[in-house]
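Descriptive analysis of the structure
Chain residues, written in single-letter form:
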Amino acid sequence: MDVIQTITDIDPTELESLSKAFEQKTPQEVLQWGIGKFRGEITLACSFGAEDVALVDMIARIDSTVPVFYLDTDYLFPETAEVRDRIAARYGMQPVAVKPLVTLEEQSAEHGTDLFGRQPDLCCKIRKVEPLRRHLGGFDAWVTGIRRDQAPSRANAALVEFDKIFNLVKFNPLATWTSDDVWAYIRANDVPYNALHDRNYPSIGCAPCTRPVKPGEDPRAGRWANFAKKECGLHLETDKAGAR
Ligand code: SF4
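Each value, and the rule that gives it
- Residues numbered from 1 in each chain as written.
- Predicted model: local features only at pLDDT ≥ 70, side-chain atom pairs only at ≥ 80, totals over all residues.
- Helix = DSSP H or I, 4+ residues; strand = E, 2+ residues; numbered from the N terminus.
- Contact = placed C-beta atoms within 7 Å.
- Pairing = 2+ DSSP bridges.
- Expected span 1.5 Å × (residues − 1).
- Buried ≥ 20, exposed ≤ 12 C-beta atoms within 10 Å, placed from the backbone.
- Axes fitted to C-alpha atoms, helices over the stretch in contact; angles between N-to-C directions.
- Core = buried A, V, L, I, M, F, W, Y, C linked by C-beta atoms within 7 Å.

What about the overall build of the protein?
Helix and strand counts for the protein stand at eight helices and six strands. Along the protein, helices and strands appear, N-terminal first, in the series α-α-β-α-β-α-β-α-α-β-β-β-α-α. Oriented by its inertia axes, the alpha-carbon framework of the protein measures out at about 50 × 40 × 35 Å. For the protein, contacts bridging at least 24 residues in sequence account for 71% of all contacts bridging at least 6.

Notes on unusual backbone geometry
A positive phi angle, near 50 degrees, is found at Asp114, a position not held by glycine. Mapped onto the fold, Asp114 is located in the loop between α5 (104-111) and α6 (120-136). Backbone geometry places Asn200, a non-glycine residue, at a positive phi of 70 degrees.

Section: the pairing of strand β6 (residues 168-171)
Note: strand β4 (residues 141-143) against β6, three bridges, orientation parallel. Following the sheet pairing, Val143 is matched in β6 by Phe171. Across four bridges, the pairing between strand β5 (residues 160-163) and β6 is antiparallel. Directly across from Phe162, in β6, lies its bridge partner Val169. Linkage of β5 to β6, two consecutive antiparallel strands, is achieved through a turn of four residues, within which Asn167 is found at a positive phi near 65 degrees.

Section: helix α3 (residues 50-62)
The end-to-end C-alpha distance of α3 is 19 Å, a good match for the 18 Å that 13 residues give at a rise of 1.5 Å each. The buried count for α3 comes to ten of 13 residues, which makes it a mostly enclosed element. Residues of α3 that are buried include every one of Ala50, Glu51, Asp52, Val53, Ala54, Leu55, Val56, Asp57, Met58 and Ile59, and no others. Residues of α3 that are buried sit in contact with α2 (27-37), β1 (42-45), β2 (68-71), α4 (78-91), β4 and α7 (179-189).

Quick notes on the sheet that holds β2
Read from one edge of the open sheet, six strands run β3-β2-β1-β4-β6-β5, paired in mixed fashion. Because the sheet does not close on itself, it has two edges, and the strands there are β3 (96-98) and β5. On average, each strand axis in the sheet is inclined to that of its neighbour by 35 degrees, with strand direction left out of account. In this structure, β2 lies alongside β3, joined through three bridges in parallel fashion. Each bridged residue has a counterpart across the sheet, and for Phe69 the counterpart in β3 is Val96.

Digging into the nonpolar core
Taken as a class, soluble globular proteins show a tendency for nonpolar side chains to be buried jointly. Judged by nonpolar contacts, the single largest core of 53 residues is most densely connected at Leu44, Val53, Ala54, Leu55, Val56 and Val143. Ranked by residues supplied to this core, first place goes to α3 with seven residues.

Printed below as a string of structure tokens:
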């Protein structure tokens, strides 16, 4: 499966073949391959949700020097900061905070207060998409925690694919896993996780745009609950659709 030489050599057809071969592999095997191929040029995006902390644990066992970053939107829950610090202590690393170019005060001065309640697409574009694009510009590959059964928009996620939004290779090692698989891994390995998960928050984003879900609701129903929006634009072709 040794098909990629450099980022400029990437052939989408070869990536498709590789991803098909990965369907029979474990997430750890996918990570092992990706980290070996993109050593020094690969990073993990971590929002400190269940999938991401499982990936932190897996990666730490393969290569603890792989950098981990998170998008610090200035709207994170205190519980998210708390698990970030527990993860840092447990694995002896410091997740990199990637910040927007503008403070909340500057954003309010330009667009009015509480932009998230009126134009969440624009707020996500400023506080998530632009910072992510800027940060990923320094890498050839990134790892995400997306799973196919999280949302219809993620149903076709490949194990590895070329990310046309951010122009680098994207690994989704947990694409084939279920939520139960993730939680079995967390419990088996005693991985620190966000306390909000025990309070009916299966999916955790910014505090103003995340509420707990009710019994029977979709796991992502608590995200932007007052809007049709269900993605922040990190895993969609935002260049076509605007930040979502
Ligand atoms: S999730 Fe909400 S608060 Fe966070 S960047 Fe998007 S709109 Fe803004």
